Structures are given as structure tokens and as C-alpha cells.
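# Structural overview
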Amino acid sequence: MASQTIHGLAVEIEGSGPPLLCIHGLGGSSNVWTPLLGAFAGFRVVRPDLPGSARSALPPGALSIQGYVDALIGLLDALDIPAAHIAAHSLGTLVAQHLAVQYPGRVLSLALFGPLVAPPDAGRAGIHARAQLARTGLIGMQEIADAIAKGATGAQTKAQQPAVLALVREIVMRQSAEGYAQSCEALARAESAAIEQIRVPTLLVTGDQDGVAPAANVAVMAARIPGSQTLLFEACGHWTPFEQPARCMQALQTFYATL
């Protein structure tokens with residue numbers, strides 16, 4: 001495994017084979033994908049921390065979905081990767097959709113966990129409010145981390161996998177307050193990509209208790225993306241790679257075997 005910094009992005013690169021770019025979500029890091037690495041055997045796996053998240057520097061100017069897309073294209077260029085498979089979670093799925101629409105020749109497939117096309121309009125004010133809470137510092141980030149650990153995981157996860165709650169809480173609390181706040185604002189301003197234009201194999205995975213990516217919303221997404229397939233995990237919330245890694249790995253292995 002090689003860890004390095006490229007254009008301000010902390011990146012972990014391992015394996016050999018076709019390139020696979022992993023994009024984490026809001027409050028995440030490259031470690032969202034650590035439980036699933038077994039499913040990526042045979043790929044050259046590129047796992048960056050998004051700008052302003054985890055170990056990556058906060059760039060000048062406000063964070064945005066377009067800024068994330070530009071940063072990831074810059075990363076692929078720096079690594080001489082003309083096209084890559086993409087696996088993404090949560091906010092990362094939104095970035096992946098925009099990337100696939102803007103640069104169709106550079107995306108080979110999409111595996112999207114807890115996917116969304118944009119926040120619901122009714123939820124945007126709350127995301128802005130969370131950004132302001134983050135800017136109060138450690139106490140605010142702790143409050144956010146507690147709320148996410150409790151609210152974005154499934155009931156069975158909370159009852160049977162307390163270590164997952166600790167992991168979600170830790171990964172959020174490790175974010176810089178301003179980086180997390182700007183990431184929230186980027187999500188709050190996000191709009192849907194023209195996903196009807198996506199023409200690569202696409203897998204959409206969500207949990208039956210995922211309030212960020214409810215099954216009904218994912219079904220609407222699937223109808224907009226030609227030829228996409230969906231999986232619904234029972235007893236699972238929004239943090240699919242942490243809550244049900246074995247099922248995620250199985251889904252990925254099946255998906256990649258068909259490509």
C-alpha cells in the first residue's frame with residue numbers, strides 16, 4: 001500500500017489491475033472502504049480523502065460538488081489513469097454521478113452505496129444548520145457525530161454492533177470543523193446531474209432503514225439510469241460498508257464478475 005499526497009489530496013493506492021476510484025461521503029475518509037478491500041482484488045484501488053475531509057487539505061474557496069469532480073479528475077490525470085471504475089458512498093455517489101455525466105469516457109462502472117441525486121429541498125436548511133453547528137468546534141462536532149451514529153445506522157446495528165457506532169462517531173469527530181462545515185454546505189447546494197445520460201453498468205445499494213437514501217428514492221434513481229440494478233439490504237441503515245461489509249463485498253464481487 002502506498003499513501004501519498006497528490007494536489008493536496010491524501011490518497012491510498014494499493015493493488016494492480018484496472019483502476020478503481022473510491023469516493024467516500026460526508027464525514028468520511030478513505031477508511032470507509034477498508035472493510036470492502038477484499039472485494040477489490042484484481043483492481044488498482046485509489047482511495048482519496050476528498051478536499052477538506054479527513055487528511056486532505058481544505059483548498060481555497062468554498063467546497064462544491066464541481067470542485068470535488070475537478071479534484072478527482074486532477075487526481076486521475078496525475079496518476080495517468082484515463083478511465084476508472086468508481087465505487088462511492090453517500091455524498092460521494094452524487095460526486096460520482098456528476099463525474100460520469102461530465103466525463104463519460106473516464107468512467108467504466110458505478111457501484112453506489114446509499115445513493116442520492118441531491119438532498120430533498122426540505123432537508124437543505126437542516127444541512128446548513130449542521131454546518132453552523134460544526135463551526136462551534138469540538139463540542140459541535142461531537143454533537144453531530146452522536147446524532148449521525150444514532151440516526152444513520154440501522155436498529156440492528158445499534159443493538160448488535162456497537163463497534164460500528166464507535167467507528168462512525170470516530171470518523172466524523174476526526175474531521176476538521178471548517179472542512180466538515182464546508183462539505184455540508186457543498187451538499188446543501190447540490191443539484192441532480194443529468195443521470196439519464198449515464199451509460200455504464202451501475203449498481204445501486206441501499207438499506208431498508210436508510211433515511212438518506214430511502215428505497216423509494218433509489219427506485220426512482222434506477223428508473224432514470226438506463227440498465228441500472230438495485231439491491232436492498234435488510235436490517236441496514238446508511239453506513240452500508242460498515243454495517244454490512246460481507247453483503248457489500250458479495251454484491252461488489254457479483255457486480256464486477258458481470259462486467
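Notes on the structure in this doc start here. (Residues numbered from 1 in each chain as written. Predicted model: local features only at pLDDT ≥ 70, side-chain atom pairs only at ≥ 80, totals over all residues. Heavy atoms only, no water.)

### Looking at the packing of aromatic side chains
The full count for this structure, using the stated rule, is six aromatic pairs. Both rings, one in Trp33 and one in Phe40, keep their centres 6.5 Å apart while their planes meet at 50°; by these two values the pair is tilted. By the burial criterion, Trp33 is buried, and Phe40 matches it. Note on Trp33 and Phe113: the rings are 6.3 Å apart at their centroids and 65° apart in plane angle, and the pair reads as edge-to-face. With a gap of 80 residues between them, Trp33 in the loop between strand S3 (19-23) and strand S4 (44-48) and Phe113 in strand S6 (residues 107-113) connect regions that are remote in the sequence. Phe113 carries the same exposure label as Trp33, and that label is buried. These aromatic residues form a ring-pair network of at least three members: Trp33, Phe40, Phe43, Phe113, Phe255 and Tyr256. (Phe/Tyr/Trp six-rings, centres within 6.5 Å; stacked < 30°, edge-to-face > 60°. Buried < 20%, exposed > 50% of the residue type's maximum accessible area, 1.4 Å probe, protein only. Helix = DSSP H or I, 4+ residues; strand = E, 2+ residues; numbered from the N terminus.)

### So, the packing of helix H1 (residues 65-78) against helix H2 (residues 91-102)
Following both chains from N to C, one finds H1 and H2 inclined at 70°, their axes separated by 9 Å at the closest point. Comparing their axes, H2 and H1 come out roughly perpendicular. In the crossing of H1 with H2, the sense of the turn from one axis to the other is right-handed. For the pair formed by H1 and H2, the contact residues are Ile65, Gln66, Tyr68, Val69, Leu72 and Ile73 on the first element and Leu91, Leu94, Val95, His98, Leu99 and Gln102 on the second. Within the contact of H1 with H2, the residues separate by chemical class into nine nonpolar, three polar and no charged. (Axes fitted to C-alpha atoms, helices over the stretch in contact; angles between N-to-C directions. Parallel < 35°, antiparallel > 145°, perpendicular 65-115°, else oblique. Left-handed = near helix turned anticlockwise from the far one by under 90°. Contact = heavy atoms within 4.5 Å. Nonpolar A, V, L, I, M, F, W, Y, C, P; charged D, E, K, R; others polar.)

### Description of the environment of Ser30
For Ser30, the location among the structural elements is in the loop between S3 and S4. Residue Ser30 is classed as buried on the basis of its relative accessible area, which comes to 2%. Ser30 sits 88 residues away from Ala118 along the chain, and the two C-alpha atoms are 22 Å apart. The residues touching Ser30, leaving out its near neighbours within four places in the chain, are Glu12, His24, Arg47, Pro48, Asp49 and Arg55.

### Quick word on the nonpolar core
One finds Leu21, Phe40, Leu75, Ile86, Leu110, Tyr180 and Tyr256 to be the most contacted residues of the largest nonpolar core, which totals 89 residues. Residue contributions to this core peak at eight residues, all from H1. When neighbours within four sequence positions are excluded, Tyr256 is seen to be in contact with Leu20, Ala39, Phe40, Phe43, Ala87, Ser109 and Ala111. (Core = buried A, V, L, I, M, F, W, Y, C linked by side-chain atoms within 4.5 Å.)

### Section: the sheet that holds S4
In a beta sheet, neighbouring strands pair by backbone hydrogen bonds and run either parallel or antiparallel. Spatially, S1-S2-S4-S3-S5-S6-S7-S8 is the arrangement adopted by the eight strands of the open sheet, whose pairing is mixed. Lying at the two open borders of the sheet, with one neighbouring strand each, are strand S1 (2-6) and strand S8 (229-233). When the angles between neighbouring strand axes are averaged without regard to direction, this sheet yields 20°. Alignment of S1 against strand S2 (residues 9-14), held across five bridges, turns out to be antiparallel. In the sheet register, Gln4 faces S2, and the bridge partner there is Val11. (Pairing = 2+ DSSP bridges.)

### Describing the pairing of strand S7 (residues 202-207)
A large share of S7 lies buried, amounting to six of its six residues. Burial of S7 is two-sided: the residues Thr202, Leu204 and Thr206 facing one way and the residues Leu203, Val205 and Gly207 facing the other way are all buried. The pairing of S6 with S7 spans four bridges and is classified as parallel. Paired with Ala111 across the two strands is Leu203, which belongs to S7. Handedness of the β-α-β unit built from S7, helix H8 (residues 215-224) and S8 comes out right-handed. (Right-handed = clockwise from strand over helix to strand, strands pointing away.)

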